[in-house]
Amino acid sequence: MQQIASHVYIETAYPGVTLGAINWSHGLILIDAPLRPEDARSWRAALLNLGGGVDRLLINLDPHYDRTLGARALECTVLGHEKMMQTYRSRSASLKSQGFETGAEWELHNNLTGIRWAPPEITFTDTLHIHWNGEPLVLTYRPGPAQGAIWAELPESKVVFVGDAVVAHQPPFLAQANLPQWVETLQALLEPQYREYLIVSGRGGLVTAENVRAQLAWLERLHTDMEDLAERKVMPEQTDKLAPALLKALNPPAEQEACYRQRLRWGLHQYYLRHYRPTNEELEE
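No experiment lies behind these values; they were computed from the predicted model shown.

Asker: I tried to follow the pattern of salt bridges on my own but got confused; where do I start?
Answerer: Side-chain pairing between opposite charges can occur once the charged atoms of the two side chains come close. In the structure shown here, the tally under the stated rule is twelve salt bridges. Between Arg 44 and Glu 75 there is a salt bridge whose closest N-O contact spans 3.2 Å. Linking Arg 44 in helix α1 (residues 37–48) with Glu 75 in the loop between α2 (65–68) and β6 (77–81), this pair joins segments that are 31 residues apart in sequence. Relative accessible area serves as the criterion here: at 24%, Arg 44 is assigned to the partly exposed category. The exposed category is assigned to Glu 75, whose relative accessible area is 53%. Close ionic contact of Asp 240 with Arg 265 constitutes a salt bridge, the shortest N to O distance being 3.1 Å. In this pair, Asp 240 is assigned in the loop between α5 (209–231) and α6 (243–250) and Arg 265 in helix α7 (residues 257–276), connecting sequence segments 25 residues apart.

Asker: What should I look at first to understand the sheet that holds strand β3 (residues 19–24) in this one?
Answerer: In sheet architecture, strand pairing relies on hydrogen bonds along the backbone and comes in two forms, parallel and antiparallel. Read from one edge to the other, the open sheet built from seven strands follows the order β1-β2-β3-β4-β5-β6-β7, with strand pairing classed as mixed. The sheet terminates laterally at β1 (2–5) and β7 (122–124), the two strands that pair on one side only. Each adjacent strand pair in this sheet contributes to an overall mean axis angle of 25°, direction not counted. Where strand β2 (residues 8–11) and β3 come together, four bridges link them in antiparallel fashion. Note that in β3 the partner of Tyr 9 across the bridge is Ala 21. Docked against the sheet, α1 engages β2, β3, β4 (27–31) and β5 (55–59), running at close to 30° with respect to β3.

Asker: What exactly am I supposed to notice about the packing of α5 against α6 here?
Answerer: Between two packed helices, what matters for the description is the angle formed by their axes and the separation of those axes. Packing of α5 against α6 leaves a shortest axis separation of 11 Å and a crossing angle of 175°. By the angle between their axes, α5 is roughly antiparallel relative to α6. Counting all contacts with α5, which are made through Trp 218, Arg 221, Leu 222 and Asp 225, the residues of α6 involved are Ala 245, Leu 246, Ala 249 and Leu 250. Of the residues contributing to the contact of α5 with α6, the split by class is six nonpolar, no polar and two charged.

Asker: Even after reading the chapter, I still don't get unusual backbone geometry, so can you show me in this structure?
Answerer: With the exception of glycine, the majority of residues adopt a negative phi angle, and the majority of peptide bonds are in the trans configuration. Residues other than glycine seldom take positive phi values, yet Lys 158 does so here, at roughly 60°. Tracing the sequence through the fold places Lys 158 in the loop between β10 (150–154) and β11 (159–163).

Asker: Can you walk me through α6 in this structure?
Answerer: Given 3.6 residues per turn, any residue in an α-helix points the same way as the ones three and four places further on. Along α6, the residues classified as buried are Ala 243, Leu 246, Leu 247 and Leu 250. For α6, the angular spread of buried residues about the axis comes to 95°, placing them on one side. In this structure, α6 carries Pro 244 and Lys 248 as exposed residues pointing more than 90 degrees from its buried face. At its buried positions, α6 is contacted by α5 and α7. The positive-phi residue at the C-terminal boundary of α6 is Asn 251, with phi of around 55°.

Conventions adopted
- Residues numbered from 1 in each chain as written.
- Predicted model: local features only at pLDDT ≥ 70, side-chain atom pairs only at ≥ 80, totals over all residues.
- Heavy atoms only, no water.
- Salt bridge = Lys/Arg side-chain N within 4 Å of Asp/Glu carboxyl O.
- Helix = DSSP H or I, 4+ residues; strand = E, 2+ residues; numbered from the N terminus.
- Buried < 20%, exposed > 50% of the residue type's maximum accessible area, 1.4 Å probe, protein only.
- Pairing = 2+ DSSP bridges.
- Axes fitted to C-alpha atoms, helices over the stretch in contact; angles between N-to-C directions.
- Contact = heavy atoms within 4.5 Å.
- Parallel < 35°, antiparallel > 145°, perpendicular 65-115°, else oblique.
- Nonpolar A, V, L, I, M, F, W, Y, C, P; charged D, E, K, R; others polar.
- Arc of directions from axis to C-beta.

Given below as structure tokens:
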């Protein structure tokens, strides 16, 4: 666990996503959940050492499996954007084995089938302020990376948790994305008001403004490529041809390259189907 500001901690050691914790006198505010039940128990034990108040609130930054599978195991109230509920309504009551590979972290673990989801009990539309301390925590809808994606911001501490809006040296998840909205979201992160902020990525921990610019340029390139394919009315399978150059531009670690290649190929295919070849078929997350 790493302390990045007064009362603000992050954890990157567990499989899945970057975890956050804000330890206030009223209680703990948790940002996302470990995906394995044993990691959830370990995380809860580690948080007990921080002291603070007895109340706990879990904030999910979007509905991706990697950050929501372990929500129930944290045994606290769950909060998320109202659009997350649309995603949960399309899921079965618990996780079932799936015959496809999206390149997600949870797919690397074999013992997760049957875990029951914990949909948000508190939702909001645009902005929500949480006053558990002298400093507010501001939750803001930031569309683009996923349905119901949000940021969690501490304006006085100058910390912002941006979820999968920025991921360094790995492909983002594209199946539920909206690239033009995502570009606008990242442009907002480069505005002067965030110049001195600590930016916490949902995958890998702290990132820099340079990482944000690199992500923005990559998404703009991808959108141009997708528009070109759509204009030529190619088949969805043709998106595979974009993957090698896009992956190389990210400079991923060699040991993760196969997983990331699959993630990118899956995301490109699903994105093209969703935005350029819409059908009545239900698309996968």
